[in-house]
Amino acid sequence: MPETGKILGLEQNVWHDDRRDVIASTEAALDYFQYLHKRFNNWMLAIAAYNIGEGTVGKALSRSAHKGRTGDFDHLNLPTEAKHYVYKLLAIKDIIANSNKYGVRLRQVPNRPYFEKVKLHEPIDVPLVTRLANISEVEFAALNPAYNRYVIKVQNESRTLLLPRNKKETFLKNLETYQDPRVSWQMYHVKKDESIREIAERYNTTVKQLKTINGIARHKNLTLGQKILVPQVITDDVAINDKNSNRLQNYHASVHIVRKGDTLYDIAKKYGTTVKKIKRWNSSDENLSIGQKLVITKS
């Protein structure tokens, strides 16, 4: 659950959900199991608590003790769901341990690592990762289910990717020689009464593509403050859609990469512009992140 994930240190935001991260979630689950076992001093109770919550198991134990009954799992008044959850796991354990007894043939799994970690220090599009690593998007998603956007956002700390062991060097080698922009999408905060068609026109894309990328239902409207992905402005010559004067042509843009200690005031002063304009051009707020790209336009 979201709150349990936060307590266990699993980050959850619009870019990724570490409750689905293969390594982070496994380590958190093991830590949680150890904590539950220490609390209940019984693995069956710990597993039940993992399924329905430690509070529910704790209350069941209190009620049982109040009535002078044993706290044994088999006789504890727990929801049927929790009982079945534990018994099914015990059944699977027994089948795997005694497969010959049950006439079950288990596929051999080689005792060697399937994936390796790769540290990312800059944002990158997921399709670009799959292309540079020469893997399918299906395999990427299976190894990296925590990433729920088309962009892997890297902010103050590096992010970890999992790649098939035999593809790690391929990815790193191709990434080192890749010269084009690594990010083609950026986050946009929807403004009051703004339609997806207006946003699509502003960023030179289509309504269909925006809805597909952001998983927006066919007839669903945007809401104030909603966060959606839009094409990243990465070219030097761009047309800016000014809210007060239709489309302005013949603008030249620079891209400023945010560094440690940068503020919007300092950046505006450096480029001879204003904080208000920078925020409008980039649809951003006061918060900056290291490595963030800001478009600075000059007429």
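Criteria and thresholds
Residues numbered from 1 in each chain as written. Predicted model: local features only at pLDDT ≥ 70, side-chain atom pairs only at ≥ 80, totals over all residues. Heavy atoms only, no water. Helix = DSSP H or I, 4+ residues; strand = E, 2+ residues; numbered from the N terminus. Polar contact = N/O pair within 3.5 Å; in protein donor to acceptor, adjacent residues only side chain to side chain. Contact = heavy atoms within 4.5 Å. Buried < 20%, exposed > 50% of the residue type's maximum accessible area, 1.4 Å probe, protein only. Patch = residues over 30% accessible without salt bridge, like charges linked within 9 Å, V, L, I, M, F, W, Y side chains within 5 Å. Areas by Shrake-Rupley, 256 points an atom, 1.4 Å probe, with all protein chains shown as cover. Salt bridge = Lys/Arg side-chain N within 4 Å of Asp/Glu carboxyl O. Lys, Arg positive; Asp, Glu negative; His and termini not counted. Charge placed at Lys NZ, Arg CZ, Asp CG, Glu CD. Core = buried A, V, L, I, M, F, W, Y, C linked by side-chain atoms within 4.5 Å. Phe/Tyr/Trp six-rings, centres within 6.5 Å; stacked < 30°, edge-to-face > 60°. Pairing = 2+ DSSP bridges. Arc of directions from axis to C-beta.

Tracing the backbone through its elements, the reader meets Asp125 in strand 2 (residues 124–125). Of the polar contacts made by the side chain of Asp125, one reaches the side chain of Ser184; its length is 2.3 Å. Setting aside its immediate chain neighbours within four residues, Asp125 contacts Tyr150, Val151, Arg182, Val183, Ser184 and Trp185.

Turning our eyes to something else, we now look at helix 7 (residues 126–133). Burial of helix 7 is extensive: six of the eight residues sit out of reach of the surface. Listing the buried residues of helix 7 in full gives Val126, Leu128, Val129, Thr130, Leu132 and Ala133. Residues of helix 7 that are buried sit in contact with strand 2, helix 8 (137–143), strand 3 (151–152), strand 4 (159–164) and helix 9 (168–177). Count one or two residues on from helix 7 and you reach Asn134, which has phi positive near 60°.

Bringing a positive patch on the surface into the picture now. The grouping of Lys59, Arg63, Lys67 and Arg69 at the surface amounts to a positive patch. Within the secondary structure, Lys59 is located in helix 4 (residues 54–66).

Membership of the largest hydrophobic core comes to 19 residues, with the highest contact counts inside it found for Ile199, Leu210, Leu222, Ile228 and Val230. Listed by contribution, the elements that provide at least two residues to this core are strand 5 (185–189), helix 10 (196–202), helix 11 (207–214) and strand 6 (227–231). Residues Val118, Leu120, Tyr147 and Val154 belong to the second largest nonpolar core, which totals 18 residues.

Phi at Asn41 takes a positive value of approximately 55°, unusual for a residue other than glycine. Structurally, Asn41 is set in the loop between helix 2 (22–40) and helix 3 (43–52). Since its relative accessible area comes to 61%, Asn41 is described here as exposed. Look at Asp193: it is not a glycine, yet its phi comes out positive at around 60°.

Another aspect to go through is the packing of aromatic side chains. Scanning the model with the defined rule gives five aromatic pairs in all. For the pair Tyr32 and Tyr35, a centre-to-centre distance of 6.2 Å together with 10° between the ring planes defines the contact as stacked. Highlighted residues: Tyr32 and Tyr35, both in helix 2, separated by three residues, approximately one helical turn. For Tyr32, a relative accessible area of 12% gives the class buried. For Tyr35, a relative accessible area of 41% puts it in the partly exposed group. Plain terms: the ring middles of Phe73 and Tyr87 are 5.7 Å apart, the flat faces sit at 80° to each other, and that makes the pair edge-to-face.

The buried fraction of strand 4 is high, at five of six residues. Where strand 1 (residues 115–120) meets strand 4, six bridges bridge the pair, whose relative direction is antiparallel. Each residue of the ladder has a partner; that of Val118, found in strand 4, is Leu161.

Another aspect to go through is the environment of Tyr147. As for its placement among the helices and strands, Tyr147 is situated in the loop between helix 8 and strand 3. Leave out the neighbours within four places in its chain, and Tyr147 touches Trp15, His16, Phe140, Ile152, Arg159, Thr160 and Leu161. Side-chain polar atoms of Tyr147 contact the backbone oxygen of Thr160, separated by 2.9 Å.

Let's shift gears to the side chain of His16. With respect to the secondary-structure elements, His16 resides in the loop between helix 1 (2–7) and helix 2. A polar atom in the side chain of His16 sits 3.5 Å from the side chain of Glu11. Within polar-contact distance, the side chain of His16 engages the side chain of Arg159 at 3.1 Å. When neighbours within four sequence positions are excluded, His16 is seen to be in contact with Glu11, Ala146, Tyr147, Asn148 and Arg159.

Take a nonpolar patch on the surface next. A cluster of nonpolar side chains, namely Leu89, Ile92, Ile95, Ile96, Tyr102, Val104 and Leu106, defines an oily patch on the protein surface of about 580 Å² accessible area. For the nonpolar patch, the element with the most residues is helix 5 (residues 80–97), which contributes four residues. You can see Val104 is positioned in the loop between helix 6 (99–102) and strand 1.

Listed as buried for helix 11 are Val207, Leu210, Lys211, Ile213 and Asn214. Considered in projection along helix 11, the buried side chains sweep an arc of 165° and stay on one side of the axis. In helix 11, the exposed residues that point more than 90 degrees away from the buried face are Lys208 and Thr212. In the core, the buried residues of helix 11 are packed alongside strand 5, helix 10 and strand 6. Gly215, located one to two residues past helix 11, shows a positive phi value of around 65°.

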